[in-house]
Amino acid sequence: MAGRCACSHRCPPGSWPGRASTRAKVVKDLGEDEDWLWDIANEMEIEDGVIWVYGVGEDGVQAFTDFGIDNLIELIKLYKENPELLRR
């Protein structure tokens, strides 16, 4: 039976991410500039593996599933090879 996932789609329970890493952790792990990474990740959608995590009284924290980190790494490669594609 399909359940309700965080993205409001009807996803099978086994397809929900088991974990996610915050943007700060991904920045540290990948050794990239946080502002630059924000510009890149900002174009990602939930289908790309990026989610927002909210707590009580918090604005929210951007986080990435393992799939999202893989997609982010591909975007990083793309923008490093073609920096003119990223408009600030």
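Residues numbered from 1 in each chain as written. Predicted model: local features only at pLDDT ≥ 70, side-chain atom pairs only at ≥ 80, totals over all residues. Heavy atoms only, no water.

Visitor: If you had to explain the overall build of the protein chain to someone new, which residues and values would you point to?
Guide: Of regular secondary structure, the protein chain possesses three helices and five strands. Taken from N to C terminus, the helices and strands of the protein chain fall in the order β-β-β-α-α-β-β-α. The burial tally for the protein chain puts 30% of its 88 residues in the buried class. In the protein chain, once contacts between residues fewer than 6 apart in sequence are set aside, the share between residues at least 24 apart is 50%. Total accessible area on the protein chain stands at roughly 6,300 Å², and carbon and sulfur atoms take up 52% of it. (Helix = DSSP H or I, 4+ residues; strand = E, 2+ residues; numbered from the N terminus. Buried < 20%, exposed > 50% of the residue type's maximum accessible area, 1.4 Å probe, protein only. Contact = heavy atoms within 4.5 Å. Areas by Shrake-Rupley, 256 points an atom, 1.4 Å probe, with all protein chains shown as cover.)

Visitor: Could you give an account of helix α3 (residues 66-81), naming the residues involved and the relevant values?
Guide: Taking 1.5 Å of rise per residue, 16 residues should cover 22 Å, and α3 covers 23 Å from first to last C-alpha, within 8% of that figure. Taken together, the buried positions of α3 are occupied by Gly 68, Ile 69, Leu 72, Leu 75, Ile 76 and Tyr 79. With its buried residues spanning 120° around the axis, α3 presents them on a single face. Where α3 is buried, its residues meet β3 (21-22), α1 (23-30), α2 (34-41) and β5 (61-64). (Expected span 1.5 Å × (residues − 1). Arc of directions from axis to C-beta.)

Visitor: Let's hear about the sheet that holds β3: which residues, and what values?
Guide: In space, the three strands of this open sheet follow the order β3-β5-β4, with antiparallel pairing throughout. Since the sheet does not close on itself, it has two edges, and those belong to β3 and β4 (50-53), each with one partner. Judged from the two bridges that link them, β3 and β5 form a sheet pairing that is antiparallel. The residue bridging Thr 22 from the neighbouring strand is Ala 63, located in β5. (Pairing = 2+ DSSP bridges.)

Visitor: An account of the environment of Glu 34 is needed here, citing residue identities and associated values.
Guide: By the element assignment, Glu 34 lies in helix α2. Its relative accessible area of 36% is what places Glu 34 among the partly exposed residues. Note: C-alpha distance between Glu 34 and Arg 23 (eleven residues apart in sequence) is 8.0 Å. Setting aside chain neighbours within four positions, we find Glu 34 in contact with Arg 23 and Val 27.

Visitor: Report on the pattern of salt bridges, specifying residues and quantitative values.
Guide: All chains considered together, the criterion is met by five salt bridges. With a closest N to O distance of 3.0 Å, Asp 66 and Arg 19 form a salt bridge. On the criterion of sequence distance, the pair formed by Asp 66 in helix α3 and Arg 19 in the loop between β2 (10-11) and β3 is long-range, its members being 47 residues apart. For Arg 19, a relative accessible area of 58% corresponds to the exposed category. (Salt bridge = Lys/Arg side-chain N within 4 Å of Asp/Glu carboxyl O.)

Visitor: Outline the environment of Glu 43, supporting the account with residue identities and numerical values.
Guide: Mapped onto the elements, Glu 43 comes out in the loop between α2 and β4. A residue is classified by how much of its surface remains accessible, and Glu 43, at 41% relative accessible area, is partly exposed. Along the sequence, Glu 43 and Leu 75 sit 32 residues apart, while their C-alpha atoms lie 9.8 Å from each other. Those residues within four positions of Glu 43 in sequence are excluded, and the remaining contacts are Asp 48, Leu 75 and Tyr 79. Within the structure, the side chain of Glu 43 is placed 2.5 Å from the side chain of Tyr 79, a separation counted as a polar contact. (Polar contact = N/O pair within 3.5 Å; in protein donor to acceptor, adjacent residues only side chain to side chain.)

None of this, on its own, says anything about what the molecule does.
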